[in-house]
Each structure stands twice: as C-alpha cells, then as structure tokens.
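Spelled out, the chains give:
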Amino acid sequence: MYKRISLKILLGLSLVLFSGNSITHENVPHNIDRTIADKCVEPTDVMRAKHHIFIKHQSNETVVKGIRTKKHSLNNCINCHIQPLADGTYPSAKSEEHFCTGCHIAAAAKVECFDCHASKPFKKVAKKVEIFE
Amino acid sequence: MKKYEIKLNRRDFLKNSSMIGMTAIAPGVFFQELAHGRALDEPASAKKRWGMLINTNQCTDDCDACVTACNEEHGIEDFGRPTTDTQWIRKLKLTHDVSGETKNVPMMCQHCENPPCVDVCPTGASFIRADGIVLVNKHTCIGCRYCMMSCPYKARSFVHENLENQLPHAPRGKGCVESCTLCVHKIDNGENTTACAEACTKDGQQAILFGDLKDPNSEISKQLKKYETKEVRSDLGLNTAVRYRGI
C-alpha cells in the first residue's frame, strides 16, 4: 500500500519536474542582446507557438520576391538570441547551449535550418575568427 | 480697369490642389529611388532587368579577382576536388583555331530570359525572379541536378560536401544545386552591384560592368547601344542578361 502511494508520488513528482522543465526551458539560456533590442519581435507565447510559421513565410517572401524586412528574418533571430559563451566563442548549432538547438532537443524536434543557414551572428564572428583566412 | 475675378469651384480647387501635391511629392519619390534602390519591404519588380556586360578585350590571363571575390562573398570553399567543387564564376580561355588569338571569358549563370533550368525543374525550385535574376529556391530543391544538365553554360554546381560557417546572406548546403545569384542580397539592399564587378573595377581590369538593362540611361544600356556585344550561344534564343564584348 505504502509502496503504491510512494510510487504515485514519485511518478507525479517526476512528471511535474519534467513538464515544468520542458515548458519553461530553464536549461536553455534565452537572453537577448540588449544592445540590439529590448524585447523579441513578438510576445514569447506567440513566438513559441508560431516562430516556424513566421520564418517559413519570411523565407518565401525573401527568396521569391526579394523582400528583406528584418522583423521575422532568421538572421535577425540569430543576431539577437545567440550570445557568446564564457570563453567568447559562439555555441555550435549542434550543442545544447545554442538557443534554437537547446529547445529543439527538449521538444524532440529536429531543426534543419542550420544545415544551410548561419547559426551565429556574422559580424561578431568576423571580429573573433577570420573566416576567409 | 478690369477686375480679375477668381472663380474657383469645388472641382477646380480639388484638381489644382492635387496637382500641386503631385509636384511636391514627385521629386522626393524620384530621389529616394535613385539613392536607395527599392525599399526593403518592396518586392522586386519587372521594371528592372539586371545584367552584366563583360569586355573580354580587357580581361587578362593572370587576374582572378572576380573568382576570388565571388568565393569570398558567398563563403565558397575549395575542398581540393576540382571535379565536384562549387564554382559560381570561372574563367575560360578561348583560343582561335586559325589565328591562335586567345580571349579570357569569365563564365557564370547568364540569367536567361528563357532559362532551360527553369523549364526542366520538376519541383519549381529553379525560378526566374521578377527582375530577371535566375535563382534556386533551396527550400524546394531536391538536388536532382536536371538543371545542371540542361544549362548550356555549365553554370550550376551541386554541393557535395557538408558545409559549415555559411554566411548569413548566402545560405548554402549539401544536396542542393546553386549558381550565381547576381549578388541578389546586394541588389535587395540597394547596393546595385555585384562582388565580381566591384572586384574587377577595384583590383582587376575594369572588364565587368553591372547595371539595369531596362534603364536607357544606365551605363550598361549606353554601352550596349554603342558597342557590338554578343550572347554566348545566341543560337539558342535564351536572351541572356550577361553579354560579352570582343568574342
């Protein structure tokens, strides 16, 4: 009897812990670059639910029509959200420390953007790493 | 003395005031267009057709400024595998059979008006933009390489390698076909030039001229009227946007 109750408590606790973790994304640093903007282009809950729709829509606008507005562009996301680590380098798109990848690992959804797209801010990278040499 | 009476009814008033308004706004709109190209939120329009004029008389053997500039601009790496390495622009050397005269011809996507690559693309990834630039939509490209086979200029490359450190303005990845974009990111940002033309002007032989073929006052249009120019494989009727002098 006690065993059953303790099992239930354990299960309940782990569920609470697990769901809390994946919803709040506590393990993912999502600070934004305050020198660029004070807040994200959309409210957090909207971004969580619809960021992929915004990005996909923007990609069509840009590639096909040549519209280069910055609000929903992937480069804009990267410039703000990808912050340097303690050693000054940028996290790899494969590591959990990367803003996008960290969340996508927690949500078990594969992110394919960075097979082709830049995963770190370019201007800041250029200062630290000489790309062409 | 005759008195001049001003009779202004509602209709005339509206007509005149709208005309004054137009004359006040028009120069502003015009100058803005000159200074910045089009706005970031404005789509590319068919009022322009971007093209290049390459003067092969000025292109020399020992210069590869255009190729280097293109590779740097788009982050194109050399993997030491010449048969499969990506090339958006390459230099050809033509030798005349009889006279032995040689000409250097920078060759890249010719941005045809009737592009065969667009005709054969099974997914619609290969497309021509409103302003005449032929592009690959890499979100739709399945890497079948039909377009590479159909291109008479061998302008397109398939990415065989896993890539890293791509540049934000030039997304590139394994499994897609790609080619010269006529530096579409520069055009969209209002710079209205290409990396190769810039490099050729600065470090090279001033052989590449970039401009709007539909604007009669652009330098390229003036030169096209003044000099004899040729399309490569003009027999195919593709109406290319890249034209050559001296071949």
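Owing to the predicted nature of the structure, the values given are computational and were not obtained by experimental measurement.

Rules used throughout
- Residues numbered from 1 in each chain as written.
- Chains lettered and ligands numbered in written order.
- Predicted model: local features only at pLDDT ≥ 70, side-chain atom pairs only at ≥ 80, totals over all residues.
- Contact = placed C-beta atoms within 7 Å.
- Nonpolar A, V, L, I, M, F, W, Y, C, P; charged D, E, K, R; others polar.
- Pairing = 2+ DSSP bridges.
- Helix = DSSP H or I, 4+ residues; strand = E, 2+ residues; numbered from the N terminus.
- Buried ≥ 20, exposed ≤ 12 C-beta atoms within 10 Å, placed from the backbone.
- Core = buried A, V, L, I, M, F, W, Y, C linked by C-beta atoms within 7 Å.
- Axes fitted to C-alpha atoms, helices over the stretch in contact; angles between N-to-C directions.
- Parallel < 35°, antiparallel > 145°, perpendicular 65-115°, else oblique.
- Left-handed = near helix turned anticlockwise from the far one by under 90°.

1. Considerations on the interface of chain B and chain A
Turning to step 1, where the next piece is worked out: The partner chain A presents 16 residues to the 21 residues of chain B that form the contact.
Turning to step 2, where the next piece is worked out: Among the residues making up the side of chain B that touches chain A, the classes are represented as 9 nonpolar, 6 polar and 6 charged.

2. Focus: the pairing of strand β3 (residues 102-108) of chain B
Turning to step 1, where the next piece is worked out: By the bridge criterion, 7 bridges tie strand β2 (residues 89-95) of chain B to β3(B) in an arrangement that is antiparallel. From the neighbouring strand, Arg90(B) faces β3(B), where its bridge partner is Met107(B).

3. With respect to unusual backbone geometry
Residues and elements named next belong to chain B.
Turning to step 1, where the next piece is worked out: Positioned with a positive phi, Cys 183 is a non-glycine residue whose angle comes to about 50°.
Turning to step 2, where the next piece is worked out: Note on placement: Cys 183 falls in the loop between β7 (177-178) and α5 (184-188).
Turning to step 3, where the next piece is worked out: For Cys 183, a count of 27 C-beta atoms within 10 Å translates into the label buried.
Turning to step 4, where the next piece is worked out: Its identity is not glycine, yet Asn 192 carries a phi of approximately 45°, on the positive side.

4. Quick word on the nonpolar core
Buried together is how nonpolar side chains tend to be arranged in soluble globular proteins.
Turning to step 1, where the next piece is worked out: Counting 50 residues, the largest nonpolar core has Met52(B), Cys66(B), Cys196(B), Cys200(B) and Ile208(B) as the members making the most contacts within it.
Turning to step 2, where the next piece is worked out: Of all the secondary structure elements, the ones that give two or more residues to this core are β1 (50-55), α2 (65-74), β5 (134-136), α5, α6 (195-202), β8 (208-212) and β9 (242-245) of chain B.
Turning to step 3, where the next piece is worked out: When residues of this core are assigned to their parent elements, the largest contribution, 5 residues, is made by α6(B).
Turning to step 4, where the next piece is worked out: Excluding anything up to four places from it in sequence, Met52(B) contacts Ala197(B), Ile208(B), Leu209(B), Phe210(B), Ala241(B) and Val242(B).
Turning to step 5, where the next piece is worked out: Among the nonpolar cores identified, the runner-up in size contains 10 residues, and Cys80(A), Tyr90(A), Cys100(A) and Leu167(B) belong to it.

5. Here's the deal with the sheet that holds β8(B)
Residue and element names in this part refer to chain B.
Turning to step 1, where the next piece is worked out: Spatially, the 3 strands line up as an open sheet ordered β8-β1-β9, and their pairing is mixed. The outermost strands of the open sheet, each flanked by one partner alone, are β8 and β9. Geometrically, the sheet is characterised by an average inter-axis angle of 20° between neighbouring strands, direction not taken into account.
Turning to step 2, where the next piece is worked out: Sheet topology places β1 next to β8; 5 bridges connect them, and they run antiparallel. The residue bridging Trp 50 from the neighbouring strand is Asp 212, located in β8.
Turning to step 3, where the next piece is worked out: Along the sheet face, helix α7 (residues 219-226) touches β1, β8 and β9 and points at about 110° away from the line of β8.

6. Looking at the packing of α2(B) against α6(B)
Residue and element names in this part refer to chain B.
Turning to step 1, where the next piece is worked out: Contact pair α2 / α6: the axes reach a minimum separation of 8 Å and the direction vectors enclose 135°. Looking at the two axes, α2 sits oblique to α6. Pair α2 / α6 crosses with right-handed handedness. On the side of α2, the interface is formed by Ala 65, Cys 66, Ala 69, Cys 70 and Glu 73, while α6 contributes Ala 195, Cys 196, Glu 198, Ala 199 and Cys 200.
Turning to step 2, where the next piece is worked out: Its residues assigned to classes, the contact of α2 with α6 shows 8 nonpolar, no polar and 2 charged.

All quantities given are derived from atomic positions and should not be read as evidence of function.
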